[in-house]
Amino acid sequence: MDSQRSLLVIALAFVSLLLWQAWQTDHAPKPVTPVTEQSTTSSAGSADLQLSSSGTSAQPEAPVATQQVITVSTDVLKVQIDTRGGDIVDLTLPAFTLTKGSDQPYQLMRKLNGFEYVAQSGLLADGPDDKRNSGRPVYSVAQNSYQLAEGEQQVVVPLTFSHNGLEIEKRYTFTAGKYDVRVEYLLKNTTAGTKLVQPYQHLVQTIDNGEGSNMMMPIYRGAAFSTSEKRYEKYDFEDMQDTNLAKSTKGGWVAMLEHYFVAAWVPEKTADNQLYSLVSGGNGVVGVRGPELTIAAGESLTITSTFYAGPKNQDNLAAIANGLDLTVDYGFLWFISQSLFWLLTKIQLVVGNWGVAIIMITLIVKGLMYPLTKVQYESMAKMRNLKPKIDELQARYKDDRSKMGPAMMELYRKEKVNPMGGCLPMLVQMPIFLALYWVFVESVELRQAPFMLWIQDLSTQDPYYVLPVLFGISMFVMQKLTPMTVTDPMQQKIMLWMPVVFSVFFLWFPSGLVLYWLVSNLISLAQMLYIYRGMEKKGLYTKA
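Residues numbered from 1 in each chain as written. Predicted model: local features only at pLDDT ≥ 70, side-chain atom pairs only at ≥ 80, totals over all residues. Heavy atoms only, no water.

### Quick notes on the overall build of the protein
Of the regular secondary structure elements, the protein holds 12 helices and 21 strands. Intrachain contacts of the protein at a sequence separation of at least 6 include 68% that bridge at least 24 residues. Surface exposure of the protein reaches about 25,100 Å², of which carbon and sulfur atoms provide 56%. (Helix = DSSP H or I, 4+ residues; strand = E, 2+ residues; numbered from the N terminus. Contact = heavy atoms within 4.5 Å. Areas by Shrake-Rupley, 256 points an atom, 1.4 Å probe, with all protein chains shown as cover.)

### Examining the sheet that holds strand β11 (residues 180-189)
One open sheet accounts for 8 strands, arranged β9-β10-β11-β21-β17-β16-β13-β14; its pairing is antiparallel. The sheet terminates laterally at β9 (154-163) and β14 (233-235), the two strands that pair on one side only. On average, adjacent strands in this sheet sit at an angle of 20° to one another, irrespective of strand direction. Where strand β10 (residues 166-175) and β11 come together, 8 bridges link them in antiparallel fashion. (Pairing = 2+ DSSP bridges. Axes fitted to C-alpha atoms, helices over the stretch in contact; angles between N-to-C directions.)

### A look at unusual backbone geometry
In this structure, Asn164 is a non-glycine residue whose phi angle is positive, near 50°. Along the chain, Asn164 turns up in the loop between β9 and β10. With a phi angle near 50°, Leu453 is a residue other than glycine that sits in the positive phi range.

### Observations regarding the environment of Asn144
Considering the arrangement of structural elements, one finds Asn144 in the loop between β7 (115-125) and β8 (145-147). Sequence separation between Asn144 and Ile70 is 74 residues, and the spatial gap between their C-alpha atoms is 4.6 Å. Setting aside anything within four residues of it in sequence, one finds Asn144 in contact with Gln68, Val69, Ile70 and Thr71.

### A word on the pairing of strand β21 (residues 300-311)
Pairing of β11 with β21 involves 9 bridges; the strand directions are antiparallel. Counted as the bridge partner of Tyr185 is Ile303 from β21. Pairing of strand β17 (residues 261-266) with β21, which is carried by 6 bridges, proceeds in the antiparallel orientation. Across the sheet, the residue bridging to Ala263 is Ala309, located in β21.

### Looking at the pattern of salt bridges
Summed over all chains, the structure comprises 9 salt bridges. The partner of Lys312 in a salt bridge is Glu442, and the shortest N-O contact between them spans 3.4 Å. Highlighted residues: Lys312 in the loop between β21 and α3 (314-320) and Glu442 in helix α9 (residues 424-442), separated in sequence by 130 residues. Look at Lys312 and you get buried, because its relative accessible area is 2%. Residue Glu442 is classed as buried on the basis of its relative accessible area, which comes to 3%. (Salt bridge = Lys/Arg side-chain N within 4 Å of Asp/Glu carboxyl O. Buried < 20%, exposed > 50% of the residue type's maximum accessible area, 1.4 Å probe, protein only.)

### Re the nonpolar core
Core analysis: the largest hydrophobic core is formed by 119 residues, its most contacted members being Leu91 and Phe307. Among the elements that take part in this core, α9 stands out by supplying 11 residues, more than any other. Ignoring any residue separated from it by four or fewer positions in sequence, one finds Phe307 in contact with Ile88, Leu91, Met109, Ala119, Tyr179, Asp180, Val181, Val183, Leu203, Ala263, Ala264 and Trp265. Counting 10 residues, the second-largest nonpolar core is a separate cluster that includes Leu386, Leu393, Ala407 and Leu411. (Core = buried A, V, L, I, M, F, W, Y, C linked by side-chain atoms within 4.5 Å.)

### Quick notes on the confidence of the model for the protein
Overall, the prediction assigns the protein a mean pLDDT of 81, with 80% of residues at 70 or greater. This stretch, residues 1-10, has a pLDDT under 50; its non-local contacts, to residues over four places away or in other chains, come to 31 contacts. A low-confidence stretch, residues 127-133 (pLDDT under 50), is modelled with 29 contacts involving residues beyond four sequence positions or located in other chains. (pLDDT = per-residue confidence, 0-100.)

### A short note on the packing of helix α10 (residues 466-481) against helix α12 (residues 511-537)
In the contact formed by α10 and α12, the axes pass within 9 Å of each other and the chain directions differ by 20°. In terms of axis orientation, α10 runs roughly parallel to α12. Crossing of α10 against α12: the hand is left-handed. On α12, the residues that touch Leu467, Pro468, Leu470, Phe471, Ser474, Met475, Val477, Met478 and Leu481 of α10 are Ser511, Val514, Leu515, Trp517, Leu518, Asn521, Leu522, Ser524, Leu525, Met528, Leu529 and Tyr532. Looking at side-chain class alone, the contact of α10 with α12 contains 17 nonpolar, 4 polar and no charged residues. (Parallel < 35°, antiparallel > 145°, perpendicular 65-115°, else oblique. Left-handed = near helix turned anticlockwise from the far one by under 90°. Nonpolar A, V, L, I, M, F, W, Y, C, P; charged D, E, K, R; others polar.)

See the structure below:
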């Protein structure tokens, strides 16, 4: 088997997979949205829930507070909280700009121009949110803005409400330098009877945001969840439209994902929770509902959850919840990607530049793969040396293919040549390429990371297409130096145009990935020349 043809077939199959994923995202038929009786739309425009019915519900007291939106600012978060429901309705990340060179911070959550992305939480049953038509509570708040002062580690935002003898404080605790927020319900039953409460947290996002994936960047936007049985599973908006999510689990979490960033609710890890989704008014909702809890007369209860909204930093996410780091979606080769990313970050700490780190990790990967590369090129050279004998057998048995096969195998055995010797090492190396592809696409650390000269963002395409052109040239040179056994004129023409085809594909790839593949080609050229010269000295290889 010709190894270079195998490489091109494998690479072309990979590119075809990306094209198919992008086409599916943009053009696949959408399922009909089912009508659900579990959802409705509140006056704020966000999905609200109703407990099917347990315990005695009471109408909430008439709200005395005035609805307003308060602002909370820390060094890494700027959040707006609507006192109606105590929902997070706007969230900005000051440390991340919208685009390279922009002064506009990245706005992760918002309610603007018909698009909605908010984080809601509340209480069901004997809490203030027990009736679908009763509206959500309006909390009282002491001030309309909170600022994490210099030198402080935390800022606490208390929201209070009283409902039929149940005193409620919804407390947000923000910590300096952290994107995870502790959300607590501090409840006190001041009546002579018992109270039932059931907490819920969910994320609401408009399904159609008017954006699509790039042909070469099929980025996932949608929900994901985790249960005690499965650490990570996607549940996109089409899944929501088709079937409502309904999972029982101890602990777990739910999240909304987009490129580089994630928002997630993590309930109490020891609680028996229900994960759910629904579709309402063009919005997809994914959430978690906790168990019913009883508060005896005169007793107090605290319910705690964690809300995260920020970059997909794997170490931080792993510390918050089991499997939350898998929202950095490296695909089915995640275990390879995570190892490569760990190595990449260690190198970057030493060299101080992500582009240089990519070059260094390429040198390491190619060095470790050298034994396989050597086997590959030696096999290719031996196959080329056998070409005259192969041509002779093909001419001899051109009318009897049943005899040609055994004769070819006997020739390979006699000459001690494995026809798959050049292909198998390549198959082993392809997962490395795929894993590194997803590292460069998904890792937020590479977002807007500069290299040098004109490459100022390794996560986007080369603005002047220099790297893709250099890649095409390197591929062409490798083609000329590679022993070829192809004699069919059509196949020769296809092989000749392959560097051009792949250069065009690489125009839209992240420049960090193209840099890796270019450096990999250059190293392969050096290894190829070294191996062939060694074989020439031993008389095992003759130049064409």
